[in-house]
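Coordinate inspection notes
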Amino acid sequence: MIAIVGLDGATWDLAGPLLDAGEMPALAALVRSGARGVLRSTTPPVTFPAWSSFMTGVNPGKHGIFDFTRRVPGTYEVAFVGSRERRVPTMWRALSEAGKRVAVLGVPTTYPPEPVNGIMVGGFDSPVATGIDGSFVYPRAFYEEMTRAVGPYAITDFQELTIGPGWHADALPKILRAIDRKRDLARYVLRREAWDCFMVLFGEADTASHHFWMFADPRSPRYDPAGGAMFGDALRTVYRRLDDALAALLVALPADATVLVASDHGFGGAGTTVLHLNRWLAEQGWLAFRRGRRALGAKAARGARRLALAALPRGVQERLVRRAGRDLARRLESWSRFGAIDMTRTRAFSEELNYAPSIWLNVRGRDPHGLIDDGGEYDRVADEISAALMTWRHPETGRPIVRRVHRRAELYRGPCVAEAPDLVIELALEDGYSFPCLPTTPSEPRSLRRLVAREHVAGKGGGMNGSHRPEGLWVLSGPGVAQSPSAEASIVDVAPSVLHLAGLAVPAWMDGRLLPGIVGAARVDAGGPAVPIVADAPDHDAELRRRLHALGYLGEPAA
């Protein structure tokens, strides 16, 4: 049996010292008996593409998921991404087709759940926040069974948009209860039958790190001594509770199980210098904003949505979005991102995503109001913008703002590369802390500014105090795994390793290799197409938009 425990956002920077102090004994035991190291994420290190690469063994250029949303071809609109947009089969499908019994609990981008030879419970992108229907469970009948066994199941029960007084004191116990709730479901599933492959994902290290990092890190420019006194141990408490859950699951596993613990990305602190990419593009002459009345629509859309998300009960939000339909949901999101930009006078623009800074060129023939010819002019403008980004300096320190600018074809490989942004930006760190990238508003005249003290504590969409890093973690222990020194691996190495450990051949189209420490060489299946494209059926935009907004991932898109 192969048992996988996903720890979204877990990092050795936190887990390592806790292991050394004896505070994560379950994880420490796996480290002592097996192999471990850094698990390098996708670029950028974003939840949806990272977990998709984890379960497919390929880079985003092959599986086609680059973000929580995707550009709709021939428009300036975005659509919302789910499992049906993934273009290659997952390892769950390969295992199922080989007759293996699988159970998958809580992994992002598994809504709608795919038919597997076993059970699948969707992750946080599922459309149900409380136990009101079983649409995120396959087979649907298992929803009733799991409810009877462990009680109502909620993926999350608090919002992350508006962080006011008392929020952290309220959120921390809910984060800990969520760990316990997932532990209980996982134990029930493990006891239900003997599985060939089992996975459960805990997202609480990610949630806690986004919101409590500044309290645990006295070196953070956002450190608050009063908050540190109250919540300085919050991350430690969450990691220890995750280790307790791991220990409970290890007890429920057969003695000969192979166990993999892995995260999709790591974490670090966010600084106090904020970037507004569209304002920077405007300063450089590549972007123009709408003027006068034409700018009011986008402002009104953002304001109305922000008010609704803050004031309306979640159930009311759900009903409104469901009645509005996916087309309206898509257009509202698109207008709030791009409505303030005059595309007829713009050569380049950004979605200004804090977790994935990037730039699109406005290309003639691809985009409705494209101004750049695809060819020599495209290359020249891309080079000019890249060069200008690399010369961007902090006005106070003179240090670089940008570490590297990637052309999409340099970063990704596969038939879906054209769906990625034209330029993907890796920002530098400021004394070890990331630059928050926030939306440009009409009232914001600067492309770079310092946060004021009241902005240090912010929700999703406002520059949270903890941010993703590309260095996740992995630990592998069990039969067929040799004790090994720490070694770096890639997130695309997981799926081929799982198939190999299950006794299956590894498809030649996978990008990954076997994780360090695995004994023996993989059998390669060279049959089949180079990249098997799975037909998608994107009919769930409104549902995903409602869930992602409720969780805060689409809380305040770009102007």
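Reading guide: rules and limits
Residues numbered from 1 in each chain as written. Predicted model: local features only at pLDDT ≥ 70, side-chain atom pairs only at ≥ 80, totals over all residues. Heavy atoms only, no water. Helix = DSSP H or I, 4+ residues; strand = E, 2+ residues; numbered from the N terminus. Buried < 20%, exposed > 50% of the residue type's maximum accessible area, 1.4 Å probe, protein only. Lys, Arg positive; Asp, Glu negative; His and termini not counted. Salt bridge = Lys/Arg side-chain N within 4 Å of Asp/Glu carboxyl O. Polar contact = N/O pair within 3.5 Å; in protein donor to acceptor, adjacent residues only side chain to side chain. Core = buried A, V, L, I, M, F, W, Y, C linked by side-chain atoms within 4.5 Å. Phe/Tyr/Trp six-rings, centres within 6.5 Å; stacked < 30°, edge-to-face > 60°. Lys NZ or Arg CZ within 6 Å of the ring centre and 35° of its normal. Pairing = 2+ DSSP bridges. Contact = heavy atoms within 4.5 Å. Axes fitted to C-alpha atoms, helices over the stretch in contact; angles between N-to-C directions. 1 Å grid on protein atoms, 1.4 Å probe; cavity = no way out; pocket = protein on both sides within 12 Å on 5 of 7 lines; lining within 4 Å. Points joined across faces, edges and corners; volume = space filled by probe spheres on them. Nonpolar A, V, L, I, M, F, W, Y, C, P; charged D, E, K, R; others polar. Parallel < 35°, antiparallel > 145°, perpendicular 65-115°, else oblique. Left-handed = near helix turned anticlockwise from the far one by under 90°.

Now for the side chain of R469. Counting through the fold element by element, R469 comes out in strand β19 (residues 466-469). Buried and unpaired, R469 has no salt bridge, with E471 as the nearest side chain of opposite charge at 5.9 Å. Engagement of the side chain of R469 in a polar contact is seen with the backbone oxygen of G269, the distance being 2.8 Å. In terms of polar contacts, R469 uses its side chain to reach the backbone carbonyl oxygen of G432, at 3.3 Å.

This brings us to the nonpolar core. Ranked by size, the top nonpolar core spans 64 residues in total, and within it L27, V189, F198, F202, F212 and V261 carry the most contacts. Take this core: its biggest share by element is 10 residues, from helix α7 (residues 167-192). Counting residues in hydrophobic clusters, the runner-up holds 42 residues, among them W51, F54, L476 and L514.

The next point concerns helix α1 (residues 12-20). Taken residue by residue, α1 has W12, L14, A15, G16, L18 and L19 as its buried positions. Between a side-chain oxygen at the N-terminus of α1 and the backbone nitrogen of D13 the separation is 3.0 Å; the capping residue is T11. Just downstream of α1 lies G22, where phi reads positive at about 75°.

So, about the pattern of salt bridges. Opposite charge on two side chains permits them to pair, given that their charged atoms come into close proximity. Using the criterion set out here, one finds 36 salt bridges in the structure. The residue R40 makes a salt bridge to E488 at a minimum N-O spacing of 3.0 Å. One end of the pair, R40, is in strand β2 (residues 35-40); the other, E488, is in the loop between β20 (471-477) and β21 (489-490), and 448 residues separate them in sequence. For R40, a relative accessible area of 30% translates into the label partly exposed. For E488, a relative accessible area of 44% corresponds to the partly exposed category. We note a salt bridge from R403 to E426, for which the minimum N-O separation is 3.0 Å. Here the residue R403 occupies a position in strand β14 (residues 402-407), and E426 occupies one in strand β15 (residues 423-427), the gap between them amounting to 23 residues.

Time to look at the packing of aromatic side chains. Aromatic rings in a pair are described by how distant their centres are and how their planes are angled relative to each other. The full count for this structure, using the stated rule, is 13 aromatic pairs. Ring geometry for F48 versus F68: centroids 4.3 Å apart, planes at 50°, classification tilted. Of this pair, F48 sits in helix α3 (residues 47-56) while F68 sits in the loop between α4 (60-63) and β3 (69-71); the two residues are 20 residues apart in sequence, bridging distant segments of the chain. The interplanar angle of 50° and the centroid separation of 5.5 Å between the aromatic rings of F215 and F231 together place this pair among those described as tilted. Of this pair, F215 sits in helix α8 (residues 204-216) while F231 sits in helix α9 (residues 225-231), and the two are 16 residues apart along the sequence. Note on accessibility: F215 and F231 belong to one class, buried. Through successive ring pairs, a cluster of aromatic residues spans F48, F68 and Y355. When the ring centre of W12 is taken as origin, the NZ or CZ atom of R36, which lies over that ring, is 3.9 Å away. A cation over a ring is seen here: R71 above W360, with NZ or CZ 4.6 Å from the ring centre.

To continue, consider the sheet that holds β21. Two pairing modes exist for strands in a sheet, parallel and antiparallel, and in both the strands are linked by backbone hydrogen bonds. Strands sit in the order β7-β6-β5-β8-β1-β9-β20-β2-β21 across an open sheet of 9 strands; the sheet is mixed. In this open sheet, the two strands that pair with only one neighbour each are β7 (137-138) and β21. Both strand β9 (residues 258-262) and β20 contribute to a ladder of 4 bridges, which runs antiparallel. Note that in β20 the partner of V259 across the bridge is S477. Together, β2, β9 and β20 form the strand contacts of helix α2 (residues 25-33), whose direction differs from that of β20 by roughly 70°. Where α7 meets the sheet, its contacts fall on β5 (102-107), β6 (118-122) and β8 (197-202), and the angle it forms with β8 comes to roughly 175°.

Attention shifts here to the pairing of β8. Counted residue by residue, β8 has 6 buried out of 6 residues, so it is predominantly covered. Alternating positions in β8 separate into two faces, C197, M199 and L201 on one and F198, V200 and F202 on the other, with burial throughout. In terms of strand pairing, β5 meets β8 through 4 bridges, oriented parallel. Among the inter-strand pairings, V104 is bridged to a residue of β8, identified as M199.

Another point: α2. If you check which residues of α2 are buried, you get A26, L27, A28, L30 and V31. Contact partners of the buried residues in α2: α1, β2, α10 (234-252), β9 and β20.

Moving on, we come to empty space enclosed by the protein. Under the criterion given, the structure shown has 4 cavities of 30 Å³ or more. In this structure, the second largest cavity encloses a volume near 170 Å³. Along the walls of the second largest cavity sit 17 residues, with F66, D67, E351, S358 and P421 positioned nearest its centre. Elements with a minimum of two residues in the lining of the second largest cavity: β3 and β13 (358-361). The residue makeup of the lining of the second largest cavity, split by class, is 10 nonpolar, 2 polar and 5 charged.

With that settled, consider the packing of α7 against α10. Packed helix pairs are characterised by how far apart their axes lie and by the angle those axes make with each other. With their axes 10 Å apart at the nearest point, α7 and α10 run at an angle of 10° to one another. The angle between α7 and α10 falls in the class roughly parallel. Residues L172, I175, L176, I179, D180, R183, A186, R187 and L190 of α7 touch α10, and the partners they reach there are A234, T237, V238, R241, L242, A245, A248, L249 and A252. Among the residues forming the contact of α7 with α10, the class breakdown is 13 nonpolar, 1 polar and 4 charged.

Okay, the packing of helix α6 (residues 141-150) against α7 next. Two elements in contact, α6 and α7, have axes whose closest approach is 10 Å; the angle formed by their N-to-C orientations is 115°. With respect to their mutual orientation, α6 and α7 come out roughly perpendicular. Here α6 runs over α7; the crossing is right-handed. Facing F142, E145, M146, A149 and V150 of α6, the residues of α7 in contact are D184, L185, Y188, V189 and R192.

Our focus in this paragraph is unusual backbone geometry. A cis amide bond links T43 with the next residue in sequence, P44, at an omega value of -5°. Tracing the backbone through its elements, the reader meets P44 in the loop between β2 and α3. The residue after Y138, namely P139, is reached through a cis peptide bond having omega -10°. Note on placement: P139 falls in the loop between β7 and α6. Not every positive phi belongs to a glycine, and T109 is a case in point at roughly 60°.

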